[in-house]
Amino acid sequence: MSLPLARRMDGVTSSPVRDLLALTARPGVISFAGGMPAPELFDADGLRAAFDRALADRSALQYSPTEGNARLRELLARRLSGRGLTTTVDDLLITTGSQQGLQLLSTALLDPGATVLVEEPVYLSALQCFQLAEARVVPVPGDADGIDPAALDEIAARERPALLYLVPTFSNPSGRTIGPERRRALAEVIARHGFWLVEDDPYHELRYRGEREQPLSARPELAGRTIYLGTFSKVIAPGVRLGWFRAPRELLRRVTILKQATDLHSSTVDQAAAAEYLAVADLDAHVRKLCATYRVRRDAMLAELPAITPPGTTWTDPDGGMFVWVTLPGGADTDRLLPEALRRDVAFVPGSAFQVGEPERSALRLSFATHAPETIAEGLRRLGKALS
């Protein structure tokens, strides 16, 4: 006889990316599946020195405040203010990766049955959080420039959502970026209907072309109604597992209580080391190195795609981030294509994993960040053979 389990888990699906990790860890597989930073670019020496400095004070091994290391929050507040998003220490909560921020806000803002609007395709781990909160997830259509403000206006009037979740800069999975005029239009729609904007901005600093966008949360129309999530995973290292949650004070207080119940606080020693790193290292120079490397890798992937895909294939040309979104012609089914690709020792994520409505079976997501150009070329040649 099976013992009862909580019903809230019934609608929560596993992450295909996490499931693929075991398959792609075997020797010889070239994986474009995970949004994995290039490990050879981690500043191991700088981080080692930062941990050494942090451990000189044994309080780094002690319990710490739930809100997070005050020095780290101060340094982070300065960095966010430099993006045009005016921020103080009291506006920030340090989280165990930005994924924890998604989980906390879902618990704080969403009652069962609440409506969440998302751009489609959408970051799949955000969907897991909304599913766990038993929310109704409603997709909003868009185009090559991102989510459509007119469609958002119409759907918001009908659905009365609790929040809109967006990755407006170098979106995961599509790689698209919403431009200034459309950001203004979206802000006006959100302000008029009065729901929360959740802006997930993990790739903000990874720009390879064009002028840097201010966060959508910096729009004056949205004052007091935005939650801004970020992470050190993409510019320092994902293994450090540190992110941040920026929100109005009353919501931040409630989310802090939730975090107390979740994990008491994020790793004290990791926070202390991150503060030391930000205080001493030239993070801007490190980010320039990341961008220079990832730009070459993006270009290598884009250069190879015409030779390995069938006529009629389209793909995004991202200004930054880590992903290219490919759409195959002729009723292709990338869920069925994946096993054939894995037999040829190459991996991707089928587009259906990022869909809320009717799955777009012909799409797939490729990440260019992890591999050198010659490895990208070889991996795409393998993919081309699976496509033929």
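Quick look at the structure, then.

Reading the values: rules and limits
Residues numbered from 1 in each chain as written. Predicted model: local features only at pLDDT ≥ 70, side-chain atom pairs only at ≥ 80, totals over all residues. Heavy atoms only, no water. Phe/Tyr/Trp six-rings, centres within 6.5 Å; stacked < 30°, edge-to-face > 60°. Helix = DSSP H or I, 4+ residues; strand = E, 2+ residues; numbered from the N terminus. Pairing = 2+ DSSP bridges. Axes fitted to C-alpha atoms, helices over the stretch in contact; angles between N-to-C directions.

**Regarding the packing of aromatic side chains**
Alright, step 1. Counted under the stated rule, the structure contains 5 aromatic pairs.
Alright, step 2. A centroid spacing of 5.8 Å and a plane angle of 90 degrees characterise the contact between Tyr-203 and Phe-323, whose relative ring orientation is edge-to-face. In this pair, Tyr-203 sits in the loop between strand 8 (196–200) and strand 9 (226–231) while Phe-323 sits in strand 12 (residues 323–327), placing the two residues 120 residues apart along the sequence.
Alright, step 3. An angle of 65 degrees between the planes, with centres 5.0 Å apart, marks the rings of Phe-232 and Trp-244 as edge-to-face. Of the two residues, Phe-232 sits in the loop between strand 9 and strand 10 (243–246) while Trp-244 sits in strand 10, which places them 12 residues apart along the sequence.

**With respect to the sheet that holds strand 10**
The strands that make up a sheet are held in pairs by hydrogen bonds between backbone atoms, and each pair lies either parallel or antiparallel.
Alright, step 1. The sheet built from 7 strands is open, its strands ordered 2-10-9-8-7-3-4 with mixed pairing. In the strand order of this sheet, the two ends are held by strand 2 (92–95) and strand 4 (136–140), each with one partner. Averaged over all neighbouring strand pairs, the angle between strand axes comes to 20 degrees, with direction disregarded.
Alright, step 2. Where strand 9 lies against strand 10, 4 bridges are found, and the strand directions are antiparallel. Looking across to strand 10, one finds that Tyr-228 is bridged to Arg-246.

**A look at unusual backbone geometry**
Alright, step 1. Following Glu-120, the chain continues into Pro-121 via a peptide bond in cis, with omega recorded as 5 degrees.
Alright, step 2. Along the chain, the position of Pro-121 falls in the loop between strand 3 (115–119) and helix 5 (124–132).
Alright, step 3. Here the residue pair Asn-172 and Pro-173 is connected by a cis peptide bond, since its omega of 25 degrees sits within 30 degrees of zero.
Alright, step 4. By the secondary structure assignment, Pro-173 is in the loop between strand 7 (163–166) and helix 7 (180–193).
Alright, step 5. Of note in the backbone geometry, Phe-170 takes a positive phi value of approximately 55 degrees without being a glycine.
Alright, step 6. Residue position: Phe-170 is located in the loop between strand 7 and helix 7.
Alright, step 7. Phi is positive for Leu-264, close to 70 degrees, though the residue is something other than glycine.

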